[in-house]
Amino acid sequence: MIVAGFGFRGAVSVQGLADALGGAGSGQTVSALATAADKAETPVFMAFARQMGLPVIGIDAATLSAQEVRTQSVASTAARQTGSLAEAAALAAAGPGARLIVTRVVSEDRMATCALAEGEGA
């Protein structure tokens with residue numbers, strides 16, 4: 001299974017999320033969307049998930065901070081104790097032994113990030 005992990009700012013739009021996924025996706029078939037548990041049920045993320053027809057997986061803070069990510073954002077580290085929320089969410093949701101197949105990609109409007117991980121699922 002391939003999971004698209006997301007990090008995003010409060011003012012993100014569905015288009016910003018779609019742009020981030022488009023930048024990371026490059027033809028991959030995604031099975032689920034993942035982000036931090038407190039962001040998973042925001043109206044814009046739920047609207048995006050409905051538009052994509054994909055389930056949403058919310059990941060708790062402790063699980064996110066335990067993931068080994070490849071990229072480092074000062075803002076993400078300060079806010080989430082992980083260098084990349086998108087990478088951490090994708091890895092956690094893809095399950096034990098998951099591997100990143102696309103590191104964090106930033107949307108054109110700089111409001112969202114997306115990374116892809118492949119694994120057996122959590």
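The rules behind each value
- Residues numbered from 1 in each chain as written.
- Predicted model: local features only at pLDDT ≥ 70, side-chain atom pairs only at ≥ 80, totals over all residues.
- Heavy atoms only, no water.
- Helix = DSSP H or I, 4+ residues; strand = E, 2+ residues; numbered from the N terminus.
- Rg over C-alpha atoms; globule rule 2.2 N^0.38 Å.
- Buried < 20%, exposed > 50% of the residue type's maximum accessible area, 1.4 Å probe, protein only.
- Contact = heavy atoms within 4.5 Å.
- Arc of directions from axis to C-beta.
- Pairing = 2+ DSSP bridges.
- Axes fitted to C-alpha atoms, helices over the stretch in contact; angles between N-to-C directions.

Engineer: Describe the overall build of the protein, with residues and values.
Structural biologist: Counting secondary structure elements, the protein contains six helices and five strands. Counting from the amino terminus, helix and strand elements in the protein follow one another as β-α-β-α-α-β-α-α-α-β-β. Taken over C-alpha atoms, the radius of gyration comes to 12 Å for the protein, in line with the 14 Å a tight globule of 122 residues would show. The proportion of buried residues among the 122 residues of the protein is 49%. In the protein, 63% of the contacts between residues at least 6 apart in sequence involve partners at least 24 apart.

Engineer: Give a detailed account of helix α3 (residues 43-52), specifying residues and quantitative values.
Structural biologist: Because an α-helix packs 3.6 residues into every turn, residues spaced three or four apart end up facing the same way. Listing the buried residues of α3 in full gives Val44, Phe45, Phe48 and Ala49. Looking down the long axis of α3, one finds its buried residues gathered within 140° of arc, a one-sided arrangement. For α3, exposure combined with an orientation more than 90 degrees from the buried face picks out Pro43, Arg50 and Gln51. Note on α3: the residue one or two positions beyond its end, Gly53, has a positive phi of about 70°.

Engineer: Break down the sheet that holds strand β2 (residues 32-36) for me, with residues and values.
Structural biologist: With mixed pairing, the five strands of this open sheet are ordered in space as β3-β2-β1-β5-β4. With one partner strand each, in any of the chains shown, β3 (56-59) and β4 (99-106) form the two edges of the open sheet. Within the sheet, the average angular offset between the axes of one strand and its neighbour, ignoring direction, is 25°. Pairing of β4 with strand β5 (residues 112-118) involves five bridges; the strand directions are antiparallel. Its bridge partner lying in β5, Val105 is registered against Cys114. Together, β1 (2-8), β4 and β5 form the strand contacts of helix α1 (residues 14-25), whose direction differs from that of β5 by roughly 40°. Taken strand by strand, helix α6 (residues 85-94) contacts β1, β2, β3, β4 and β5, and its axis lies near 150° from that of β1.

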